[in-house]
Amino acid sequence: MAATTMTGAKPAESVARIAIKEALLTAFLVFMLAFLMIGFRTEAQQGQQLSYVTRFAAIAWGIILVPLGRILLVYNRHGRPMPALIGGGLAFVYLFGGALVAILFDVLVIPFNDYFGEAAGASGIPLPFADPIVDGVFGLGALYLVILALQTMRHTAHGILTLEQREAKEARSATRAKQLSLVLGPALLALAVVLPFTPWSDRVLVETMTLILTYVMLGWGLNIVVGLAGLLDLGYVAFYAVGAYSYAKLSTEFGLDFWGSLPLAGAFAAFFGVVLGFPVLRLRGDYLAIVTLGFGEMIRITLINWQAFTGGPNGITGIPRMTFFGVPFDRTPEEGTQSFHTLFGLEYSTMHRILFLYYVILGLALVTNFLTIRLRKMPIGRAWEALREDETACRALGINPTNTKLTAFALGAMLAGFAGSFFAVRQAFVSPESFVFLESAVILAIVVLGGMGSQVGVALAAVLLIGLPEVLRELSLYRMLAFGAVMVLIMLWRPRGLLAHREPTILLRRGSGKRPQKAGATT
Amino acid sequence: MSVTAAAMAEPDHTSLLKVTHLTMRFGGLVAIDDVSFVARQREITGIIGPNGAGKTTLFNCITGFYKPTVGRLELFRDGKVAYLLEQMEGYAIGQKARVARTFQNIRLFAGMSVLENLMVAQHNKLMLASGYTIFGVLGLPAYRKAERAAQEKAVHWLERVGLIDFADMSAGNLPYGAQRRLEIARAMCTDPTLLCLDEPAAGLNPRESAELNQLLLSIRDEYGIGVLLIEHDMSVVMGISDHIIVLDYGKKISDGTPAEVRNDPAVIRAYLGEEEEE
Ligand SMILES: Nc1ncnc2c1ncn2[C@@H]1O[C@H](COP(=O)(O)OP(=O)(O)OP(=O)(O)O)[C@@H](O)[C@H]1O
Ligand SMILES: [Mg+2]
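Residues numbered from 1 in each chain as written. Chains lettered and ligands numbered in written order. Predicted model: local features only at pLDDT ≥ 70, side-chain atom pairs only at ≥ 80, totals over all residues. Heavy atoms only, no water.

Novice: Mind showing me how you'd approach the overall build of chain A here?
Specialist: A count of helices and strands for chain A gives 19 helices and four strands. By the burial criterion, 44% of the 523 residues in chain A qualify as buried. Summed over its atoms, the accessible surface of chain A is roughly 27500 Å², and 67% of this surface lies on carbon and sulfur atoms. (Helix = DSSP H or I, 4+ residues; strand = E, 2+ residues; numbered from the N terminus. Buried < 20%, exposed > 50% of the residue type's maximum accessible area, 1.4 Å probe, protein only. Areas by Shrake-Rupley, 256 points an atom, 1.4 Å probe, with all protein chains shown as cover.)

Okay, structure coming up:
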């Protein structure tokens, strides 16, 4: 700030100038964007009429606060993180401090709620703007400021890493992820197998774990498409829906049981995968994502509108429940037939079916896992990964990109179809509501957060992303906010996912494995 | 110059690739303008020319990345026309006609290991051996044998290009020169009949460059395949080419042996002209 020569570094005034310029621009942008989106909120009233409430105060605050944040950001960018850290921190505490206390209070103190009487419930969480969206946007913005400031501080503390240091750092974190996976994988598997017999297991836990395992399976299935083949599929839930409705129709109309219709459901879903994939897999990246997203919505809307076949918005009810390979889990079996408990001479319990469902999905998920591990080492698996790395090079090597992508797409769809059948048999009810875009987004988030291609990482991410909202159910409205915040934090902490590492599919185990010297060949 | 060109353009039993009246337009720009030539088996055909002359575009037409606006690309096998490349899908040119190529800006599978890069190159062979994955997943011995053979071929090429010690390393972590060599090894693992190399010596130091020349000569002599070699630098390509084609602004301006091309006034003018511009 002190001495600046004519040709020297930027003088301090220019930082202030930049800050003011950007702040004004930001204020303008905030006004333009927020005026309609935040300013008016439509509300459905009783008489089918739409009315709106205005939130002009929020806009006014936005026009004041967001440019202020921008100024702090500019200073942070020019190597002065302190204002951003303090400003962001204070804003965050002001916005969310009350809410955080209330949430902690809720989670920790709820068992004693009776004792406290009418204590702050989830609905009583104090927020300054009394509007989760406005508070959420400001709060996340403030959090972002703090995180950026911390990053700047870390950089200035350690200096900027050289390329080699960064490579070494990445290699270290990959090695750590690999070691962790090697331990965590078998441990999680063992835990999953014995979990229902542990003392703290109860019906709710087993059912939650069943749900989580369904998403683990979906995550592993989508991992073939996104993680291995590198095809961004935003409509994965469509194949899940095809599987679910396949079982629903096959069981209610043709009397097939779960095991009989499972292969058919998988085949139908795979067929849909091929039908969709064939025209669109020529598209790359973003375009593919948009088309698959559209396809997902198309399937859902068809399910809603094709009343005669799918039951429309009401869905299909009375889907036969899971049987033990044909033997029902009924309390009182029909004359002359066996039921699970009479067959094994057990006392009747509703837990039998729940436990069986749990082990079925565990089995299905494990099959998916082993299939993926095996396929990765096959020529087709290597071609998928090669396609993800460089499609042009693949074509030059004589690999048919369309067919290779189609196999990945169809296989992923088939696995989603299996999972969908399981979903239908577990719920005994399917409706279009279960197959909204958010589901695709959650499954994709599981894959990305897990670390693309990492099987253990995907399982871990499913536990986190499906288990966490279940735990946070108490927080109702703020659940998705907390969910989003956790996702942002994970991505900041591990940008490549929880356990990102890649093992070669074939090893020679010869030579030093060190980076060769600049001087080249020895031919 | 046109006399020699006409003489060279007659195909016979040693022909490998015959290019006739090839034209490639991008909107108003004519990147390749009525180019005809013949490349032969067991020969290195050098393709030289200043920046933007259309060399890479020529490769993109031969390997099916672009569909030529006009022209015919015939690939010969045993003296007979076996494939019309201009009518084939890009991947089929690699798979069936067995034309392999490298890229001016290296295109390796950077996240995969060096060995995996060479295994991917043998995809079609392995795919058949794995019964389109079914036998492979079941672990049948026939597939395992095929995979071992593929690995042996990969090891052979890794030894040839001096990368055997780095087989399990990520291809993207190799230094530049090693990446260039790996890309050539990968192309060779596809068992090509025609190998198209787009500036393989770019960015190499003189020693690496000399080693590369040795490698290319041995590929020509031991494996008996034809090589199309794009090279920016005339002096490099003169040493190892059997036959040189010179492009300038999309047109073929010279075609002949290195000695003929070197003394061709049109070539001298094109290269001097370029220097004047710079
Ligand atoms: N896809 C394309 N679309 C439009 N123009 C193109 C395309 N590809 C190449 N060109 C143009 O065609 C001309 C020839 O390009 P090309 O890449 O073949 O040159 P080159 O001889 O390989 O040059 P260099 O020595 O720089 O590699 C250039 O003017 C280039 O801009
Ligand atoms: Mg070029």
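Novice: Any chance you could explain the overall build of chain B here in plain terms?
Specialist: Across its full length, chain B holds twelve helices and ten strands. Whereas a compact globule of 278 residues would reach a radius of gyration of roughly 19 Å, chain B reaches 19 Å, a difference of no more than 12%. The proportion of buried residues among the 278 residues of chain B is 58%. Considering only intrachain contacts with a sequence separation of at least 6, the fraction spanning at least 24 residues in chain B is 67%. (Rg over C-alpha atoms; globule rule 2.2 N^0.38 Å. Contact = heavy atoms within 4.5 Å.)

Novice: Help me understand the side chain of Arg40(B) in this model?
Specialist: Tracing the backbone shows Arg40(B) in strand β2 (residues 29-40). Within the structure, Arg40(B) has its side chain in polar contact with the side chain of Thr14(B) (distance 3.0 Å). (Polar contact = N/O pair within 3.5 Å; in protein donor to acceptor, adjacent residues only side chain to side chain.)

Novice: I would appreciate a short explanation of the interface of chain A and chain B in the present structure.
Specialist: Interface size is commonly expressed as the accessible area that is lost once the parts come together. Counting from both sides, the interface comprises 44 residues of chain A and, opposite them, 53 residues of chain B. The contact between chain A and chain B buries some 4200 Å² in all, and 62% of this surface belongs to carbon and sulfur atoms. It is Leu397(A), Ile506(A) and Leu508(A) that lose the most area in chain A upon contact with chain B, and together they represent 16% of the buried surface on that side. Put simply, chain A and chain B have two salt bridges between them. A salt bridge links Arg382(A) to Glu147(B), with the shortest nitrogen-to-oxygen separation between them at 3.0 Å. Where chain A meets chain B, there are seven residue pairs in polar contact (both at pLDDT 80 or more). (Buried area = accessible area lost by both parts, 1.4 Å probe. Salt bridge = Lys/Arg side-chain N within 4 Å of Asp/Glu carboxyl O.)

Novice: Looking at this structure, I do not really get the coordination of the magnesium ion (ligand 2). What am I missing?
Specialist: Ideal geometry at a metal centre gives angles of 109.5 degrees when four donors are arranged tetrahedrally and 90 or 180 degrees when six donors are arranged octahedrally. Residue and element names in this part refer to chain B. Around the magnesium ion (ligand 2), the protein supplies Thr56 (OG1) and Gln104 (OE1) as donor atoms, at distances of 1.9 to 2.1 Å. In this pair, Thr56 sits in helix α2 (residues 55-62) while Gln104 sits in the loop between β6 (99-101) and α4 (114-121), placing the two residues 48 residues apart along the sequence. Thr56 gets classed as partly exposed once you look at its relative accessible area, which sits at 25%. On the basis of relative accessibility, which here comes to 35%, the residue Gln104 falls in the partly exposed class. (Donors = N, O, S within 2.8 Å, 3.2 Å for Na, K, Ca; no water.)

Novice: Whenever I open this one, the packing of aromatic side chains confuses me. Can you help?
Specialist: The relative placement of two aromatic rings is captured by the distance of their centres and the angle of their planes. Taken as a whole and judged by the stated rule, the model has 15 aromatic pairs over all chains. For the pair Phe239(A) and Phe409(A), a centre-to-centre distance of 6.0 Å together with 85° between the ring planes defines the contact as edge-to-face. Of the two residues, Phe239(A) sits in helix α8 (residues 237-254) while Phe409(A) sits in helix α16 (residues 401-427), which places them 170 residues apart along the sequence. With respect to burial, Phe239(A) and Phe409(A) carry one shared label: buried. Each member of the aromatic cluster is reached from another via a ring pair, and the members are Tyr236(A), Phe239(A), Phe295(A) and Phe409(A). Over the ring of Phe309(A) we find Lys249(A); its NZ or CZ atom is 4.4 Å from the centre of that ring. Directly above the ring of Phe103(B) sits Arg107(B), whose terminal nitrogen or CZ lies 5.6 Å from the centroid. (Phe/Tyr/Trp six-rings, centres within 6.5 Å; stacked < 30°, edge-to-face > 60°. Lys NZ or Arg CZ within 6 Å of the ring centre and 35° of its normal.)

Novice: Which parts of the structure should I look at to understand the domain arrangement of chain B?
Specialist: All names here are of chain B. Annotation of chain B at the domain level lists domain 1 (1-98 + 192-278) and domain 2 (107-191). Centre-to-centre, using C-alpha coordinates, domain 1 lies 27 Å away from domain 2. Domain 1 puts 20 residues into the contact, and the matching count from domain 2 is 14 residues. Overall, the association of domain 1 and domain 2 removes approximately 1400 Å² of surface from exposure, summing both partners, and the carbon and sulfur fraction of that is 62%. Joining domain 1 to domain 2, the criterion identifies one salt bridge. (Domains from an automatic or database assignment.)

Novice: Looking at this structure, I do not really get unusual backbone geometry. What am I missing?
Specialist: Most of the time, phi is negative for any residue but glycine, and the peptide bond is trans. If you check the backbone angles, Ala428(A) has positive phi at about 60° while not being a glycine. We classify Ala428(A) as buried; its relative accessible area is 11%. Notably, Arg98(B) is not glycine yet its phi reads approximately 60°, a positive angle. Among the structural elements, Arg98(B) can be located in the loop between α3 (90-95) and β6.

Novice: Explanation requested: the pairing of β2(B) in the structure shown.
Specialist: Two faces make up the sheet, and in a regular strand the side chains alternate between them. All names here are of chain B. Sheet topology note: the strand β1 (residues 15-26)/β2 ladder contains eight bridges and is antiparallel. Of the residues in β2, the one forming a bridge with Val19 is Phe37. If you look at the hairpin formed by β1 and β2, you'll find two residues sitting between the two strands, and Gly27 has a positive phi there, around 60°. (Pairing = 2+ DSSP bridges.)

Novice: How should I be thinking about a nonpolar patch on the surface in this particular structure?
Specialist: On the surface, Phe28(A), Phe31(A), Met32(A), Leu33(A), Phe35(A), Leu36(A), Met37(A) and Phe56(A) cluster together into a nonpolar patch covering about 850 Å² of accessible area. Counting residues per element, the nonpolar patch draws most heavily on helix α1 (residues 12-37) of chain A, at seven residues. (Patch = residues over 30% accessible without salt bridge, like charges linked within 9 Å, V, L, I, M, F, W, Y side chains within 5 Å.)

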